[in-house]
Amino acid sequence: MAFEGLAGRLQETFNKLRKKGKVTEEDVNQTMREVRLALLEADVNFKVVKDFIARVKERAVGQEVLKSLTPGQQVIKVVNEELTELMGGKQSKLEMAPKPPTIILMVGLQGAGKTTHAGKLAKYLLKQNKKPLLIAADVYRPAAIKQLQVLGEQLNVPVFSMGNEVSPVDIVQKGLEYAKQEHRDVVLIDTAGRLHIDETLMNELIQIRDVANPTETLLVVDAMTGQDAVNVAKSFNETLGLTGIILTKLDGDTRGGAAISVKAVTGCPIKFVGMGEKLDLLEPFHPDRMASRILGMGDVLTLIEKAQANIDAQKAKELEQKIRKAELTFDDFLAQLEQLKKMGPLDEVLGMLPGMNKAKGLKDLKVDDKQLTRVEAIIKSMTKEEKLHPEILNASRRRRIAKGSGTTIQDVNRLIKQFEDMKKMMKQLTGMTKKGKGRKGKGLFKFPFM
Amino acid sequence: MGFFKKLKESISTKTAEATNKFKEGLTKTRDSFIGKVEDLMLRHKKIDEEFYEELEEILIAADVGVHTVLELIDELRDEVKTKKLTDAVELKPILSEKIVDLLKDDKQSNKLNIESGRLNVILFVGVNGVGKTTTIGKLANKLKNEGNKVMLAAGDTFRAGAIEQLEVWGERVGVDVVKHQAGSDPAAVIYDAIQSAKSKDVDVLICDTAGRLHNKVNLMQELNKIFRVIQREVPNAPHEVLLVLDATTGQNALQQAKLFKETANISGIVLTKLDGTAKGGIVIAIRHELDVPVKFVGLGEKIDDLQEFDPNQFVNAIFAQGFLDEETE
């Protein structure tokens, strides 16, 4: 889960602060020292950290915080606001040219993920009913053109290439003519990876840019990049005039300080983040949500959006009715599992829940999606009767189910027990009035496969 | 101040050409780092808190891990106290010596474990986009030129175009490539390659694998399966498991090394893309915090830009150059 480490560190620090009724200047200094270390460990550029700490300190030590009733909370609020600001404030969308085609130029170091993300962007554009064209202008890396062609085939998007013996500038020029002929409305240009200090290749990029006159020039940056991220982004920006950043490989366990640095140093917004190798794992970047996530406040908004996009409203309503009446069956349970699976890898979904980063034991928990498959197999090995009336599941039936699903009786028993627990919990839930939020965390978010 | 003289002697036996390659590739690193330290020492005549803080920042900016830096600074503080130093310039040789100590490890060899008269298996692992396939091409070339019969196994069956990329390298270098179709089981490819290598009397089999993030449990299990297949088919194999790391990577490189070690028992590290502005300071953190030696560094895109890692040369290129000139004057 991205940012997990940073979130953990900051939370620890803030928890100490939260317990205090009164915050002294020394407390603020102490906290800021820890915030500084946490950010540095997260690969946030040291200059950015310095400015950040100075700004937060100024606000935190000032009137605003010390005189407020909940100074601890107030410091957290300031850090959150400044962090959001640092990452670009608002969400930044992909610009479209007033007159098509919109031309998007992808640039970056070797191995950042340009080709893969050209493919992902093409898929993203397809979903918006655009007609993208991919131009294969990486003539240097062996089989780079082939890679783009394979992606194009998977997506059913045309790929313009002229082999690797033609200059990329010519390829782009011809490609654009082709796009106009074929009435493609968005053109994605995949260029070869290059070092920002390689003058020859940077000059080539300038030529490509001049020919293409792109609406968007996107720098693709690996989220695992260290302090150098800032130098890279700065050089590319000075040479080409970037319009945005795509941050890739954010599904790793990197603390992702690069995200915080690039925007601050170059002024270019992060437009997308890559969350995996599959072509649909591209998400818009939301600075405010990311800041909340860093601070462990959970990314509930993304979760809700994902749920809305993937969950059948009708089914959800039916389920809600059943929950109210507490007559949940294994069929509902299975349907629920399937909905959940659609929302993406479980560890990511869980990471968005508030308190999940904090909950004991959860930090090192590895949620295995295969576990879900096992649960599914068990339920599918039940007869209709059993699914509707779980109470008839006696020892012999359980044995049969274990055999049929390739699991053990213990697995089956565990699932049934958890199912019963869940039913009980739902009864309590529906009986619960608005007694305040009360105990959050453990009981509420208990999933049957954990 | 005899320290740098010793260092210089120890590297004078190395070929001048290799040293020059290092210097060339690391020019950017040296300029920025040395320049900053010198500037810092000139500006701060006295050793005070501000001086320590700025030094800390310079080291952190070079991606030397935060923990390593804090330790280093603490050691420096002690040294300053016991030796009663006040002048910032006096700290220069002490700082360099400490960094050399962090990098050097006399116990471990950075030579490849390759013996004649047996099938040597080298497995390449790493996260996405670090340069595994390119490094394999370069290493195959190097080993072939040294008189080995080399074979490549296209174990990256996942990324589009990966098999073709390795095939291009195979053609360039002039070695056989064993492959299956895209999407097939990588462990099966490796198995076939081993059988083929055995029957063709190959000296070195180099196995490519798909890039994978170290926190993806299922992909790491897949890698572990490949590792087990090799173990089963060839006694004492794999003889080398090389983790390829991108020099621009920050603190996460440590985490990568740690998890890949658990899964595939890595025996060495190849640090690539050191010809950019990345400081490569992560090497210091890796040597310091993990017991895995750096065996090769990638200093460019050309086929012969893969160099054996030599801590002495490395330190010389990064830190000592400016100081050396002064001493010999």
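Worth saying up front: this structure is predicted, and the values here are computed from it rather than measured.

Participant: Give me the lowdown on the overall build of chain A, citing residues and values where you can.
Facilitator: Across its full length, chain A carries 20 helices and eight strands. When each of the 450 residues of chain A is scored for burial, the buried share is 51%. Counting contacts in chain A only where the partners sit at least 6 residues apart, residues at least 24 apart contribute 76% of the total. By element, 50% of the accessible surface of chain A is carried by carbon and sulfur atoms, the whole surface being about 21400 Å².

Participant: I'd like a rundown of the pattern of salt bridges, residues and numbers included.
Facilitator: Inspection of every chain in the model, using the stated rule, returns 29 salt bridges over all chains. A salt bridge links Glu56(B) to Arg36(A); its shortest N-O distance comes to 3.1 Å. Taken together, the residues Glu56(B) in helix 3 (residues 49–61) and Arg36(A) in helix 2 (residues 25–41) connect one chain to another. This pair shows no difference in class: Glu56(B) is buried, exactly as Arg36(A) is. A salt bridge links Glu376(A) to Lys380(A); the shortest N-O distance between them is 3.2 Å. With Glu376(A) and Lys380(A) both in helix 17 (residues 369–380), this residue pair falls four residues apart, about one helical turn. Looking at Glu376(A), the relative accessible area reads 10%, which means it is buried. Taken together, the salt bridges that share partners define one network made up of Arg55(A), Arg59(A), Glu81(A) and Glu82(A).

Participant: Any chance you could break down the sheet that holds strand 5 (residues 216–222) of chain A for me, citing the residues and the numbers?
Facilitator: By way of backbone hydrogen bonds, the strands of a sheet pair with one another, either parallel or antiparallel. All names here are of chain A. The sheet built from eight strands is open, its strands ordered 3-2-4-1-5-6-7-8 with mixed pairing. Strands at the two margins of the open sheet, each flanked by one partner only, are strand 3 (159–160) and strand 8 (282–284). Of the strand pairs in this sheet, strand 2 (residues 132–137) and strand 4 (residues 186–191) are connected by six bridges, and their pairing is parallel. Looking across to strand 4, one finds that Ile-135 is bridged to Ile-189. Each of strand 1 (102–108), strand 2, strand 3 and strand 4 is contacted by helix 8 (residues 168–181), which is oriented at about 165 degrees to strand 2, the strand it contacts most.

Participant: Mind laying out the environment of Val292(B), listing which residues take part and the relevant values?
Facilitator: Residues and elements named next belong to chain B. By the element assignment, Val-292 lies in the loop between helix 11 (282–289) and strand 7 (294–298). Measuring from C-alpha to C-alpha, the distance between Val-292 and Val-178 comes to 29 Å, with 114 residues separating the pair along the chain. With residues near it in sequence (within four places) discarded, Val-292 still touches Lys-261, Ile-266, Ser-267, Gly-268, Ile-269, Ile-286 and Arg-287.

Participant: Residues and numbers for the UniProt feature "domain: SRP54-type proteins GTP-binding" (unreviewed entry) in chain A, please.
Facilitator: Feature annotation in UniProt assigns "domain: SRP54-type proteins GTP-binding" (unreviewed entry) to the following positions: residues 269–282 of chain A. Each end of residues 269–282 of chain A is marked by a C-alpha atom, and these two atoms are 16 Å apart; helix forms 0% of the span and strand 43%.

Participant: So what about the nonpolar core? Which residues, and what values?
Facilitator: Counting 162 residues, the largest nonpolar core has Phe236(A), Leu139(B) and Ile206(B) as its most contacted members. Counting the residues that make up this core, at least three belong to each of domain 1 (4–86) and domain 2 (102–294) of chain A. The contacts of Phe236(A), once residues within four sequence positions are left out, are Val107(A), Gly108(A), Leu109(A), Arg194(A), His196(A), Met202(A), Leu205(A), Leu219(A), Gly241(A) and Leu242(A). One finds Ala122(A), Leu148(A), Leu282(A) and Ala160(B) within the second-largest nonpolar core, a separate group that totals 24 residues.

Participant: Please set out the packing of helix 10 (residues 229–240) of chain A against helix 11 (residues 257–266) of chain A residue by residue, giving values where relevant.
Facilitator: Packed helices, taken two at a time, are described by their axes: the angle between them and the distance between them. All names here are of chain A. One way to put it is that helix 10 packs onto helix 11 with a least axis distance of 9 Å and a crossing angle of 35 degrees. Taken as a pair, helix 10 and helix 11 cross one another with a handedness that is right-handed. Across the interface between the two elements, Ala-229, Val-230, Ala-233, Lys-234 and Asn-237 of helix 10 pack against Ala-258, Ser-261, Val-262, Val-265 and Thr-266 of helix 11. Its residues assigned to classes, the contact of helix 10 with helix 11 shows six nonpolar, three polar and one charged.

Participant: Tell me about the sheet that holds strand 2 (residues 150–153) of chain B, and please be specific about residues and values.
Facilitator: All names here are of chain B. The eight strands are arranged 3-2-4-1-5-6-7-8 in an open sheet whose pairing can be described as mixed. Unpaired on one side and paired on the other, strand 3 (176–178) and strand 8 (306–308) mark the two borders of the sheet. On average, adjacent strands in this sheet sit at an angle of 25 degrees to one another, irrespective of strand direction. Here strand 1 (residues 120–125) runs beside strand 4 (residues 204–207); their pairing, made up of four bridges, is parallel. Residue pairing across strands places Ile-122 opposite Ile-206, the latter belonging to strand 4. Across the face of the sheet, helix 8 (residues 186–199) comes into contact with strand 2, strand 3 and strand 4 while running at roughly 165 degrees to strand 2. Of the strands in this sheet, strand 5 (240–246), strand 6 (268–272) and strand 7 touch helix 11, which is tilted by about 170 degrees from strand 6.

Participant: Can you explain the packing of helix 6 (residues 114–127) of chain A against helix 7 (residues 144–155) of chain A? Please cite residues and give values.
Facilitator: All names here are of chain A. Remark: helix 6 packs on helix 7, axes separated minimally by 10 Å, with the N-to-C direction vectors making an angle of 20 degrees. With respect to helix 7, the element helix 6 is oriented roughly parallel. Viewed along their axes, helix 6 and helix 7 form a crossing whose handedness is right-handed. Touching Thr-115, Thr-116, Ala-118, Gly-119, Ala-122, Lys-123 and Leu-126 of helix 6 are Ala-144, Gln-147, Leu-148, Leu-151 and Leu-155, all from helix 7. Taken together, the residues of the contact of helix 6 with helix 7 break down into seven nonpolar, four polar and one charged.

Participant: Outline the pairing of strand 5 of chain B, listing residues and values.
Facilitator: Consecutive side chains along a regular strand alternate between the two faces of the sheet. Residue and element names in this part refer to chain B. Burial runs high along strand 5: seven of the seven residues are buried. Side-chain alternation along strand 5 places Glu-240, Leu-242, Val-244 and Asp-246 on one buried face and Val-241, Leu-243 and Leu-245 on a second face that is also buried. Direction of pairing for strand 1 relative to strand 5: parallel, over a ladder of four bridges. Each bridged residue has a counterpart across the sheet, and for Leu-123 the counterpart in strand 5 is Val-241. Alignment of strand 5 against strand 6, held across five bridges, turns out to be parallel. What sits directly across from Leu-243, in strand 6, is Ile-269. Between strand 5 and its parallel partner strand 6, the chain crosses via helix 10 (residues 252–264), and the hand of that crossover is right-handed.

Participant: So, the UniProt feature "domain: SRP54-type proteins GTP-binding" (unreviewed entry) in chain B: which residues are in play, and what are the values?
Facilitator: In the numbering used here, UniProt assigns the "domain: SRP54-type proteins GTP-binding" (unreviewed entry) feature to residues 293–306 of chain B. Between the C-alpha atoms that bound residues 293–306 of chain B the distance is 16 Å, and the span itself is 0% helix and 43% strand.

Conventions we followed
- In this convention, every chain numbers its residues from 1, walking through the sequence in written order.
- Chain labels run from A onward and ligand labels from 1 onward, assigned in the order the entries are written.
- Side-chain atom pairs in this predicted model are given and counted only at pLDDT of 80 or more, local residue features only at pLDDT of at least 70, and totals for whole chains, interfaces and linings cover all residues.
- Side-chain descriptors were evaluated using all non-hydrogen atoms of the structure, hydrogens and water having been removed beforehand.
- Each helix corresponds to a stretch of at least 4 residues labelled H or I by DSSP, and each strand to a stretch of at least 2 residues labelled E; elements are numbered beginning at the N terminus.
- When a residue's accessible area, from a 1.4 Å probe over protein chains only, is under 20% of the maximum for its type it is buried; when over 50% it is exposed; and in between it is partly exposed.
- Residues are treated as being in contact if the distance between any of their heavy atoms lies within 4.5 Å.
- Accessible areas in this description were obtained via Shrake-Rupley with a 1.4 Å probe; residue shielding takes into account the shown protein chains only.
- Any Lys or Arg side-chain nitrogen located within 4 Å of an Asp or Glu carboxyl oxygen qualifies as a salt bridge.
- Paired strands, as defined in this entry, are two strands with at least two bridges between them according to DSSP.
- What counts as an axis is a line fitted to C-alpha atoms, over the stretch in contact for a helix, and the angles between N-to-C directions run from 0 to 180 degrees.
- UniProt positions are given in the numbering used here, feature names are shortened, and annotations may be inferred rather than shown by experiment.
- Throughout, nonpolar core names a set of buried Ala, Val, Leu, Ile, Met, Phe, Trp, Tyr and Cys residues whose side chains join them through atoms within 4.5 Å.
- Domains are outlined according to an automatic or database domain assignment.
- Whether a crossing is left-handed or right-handed is set by the direction in which the near helix is turned from the far one by less than a right angle, anticlockwise for left-handed and clockwise for right-handed.
- When residues are grouped by polarity, Ala, Val, Leu, Ile, Met, Phe, Trp, Tyr, Cys and Pro land in nonpolar, Asp, Glu, Lys and Arg in charged, and all others, Gly among them, in polar.
- Here is the rule for angles: anything less than 35 degrees is roughly parallel, anything more than 145 is roughly antiparallel, 65 through 115 is roughly perpendicular, and the remaining ranges are oblique.
- For the handedness criterion, the strands are oriented away from the viewer, and a crossover whose path from the first strand over the helix to the second runs clockwise is classed as right-handed.

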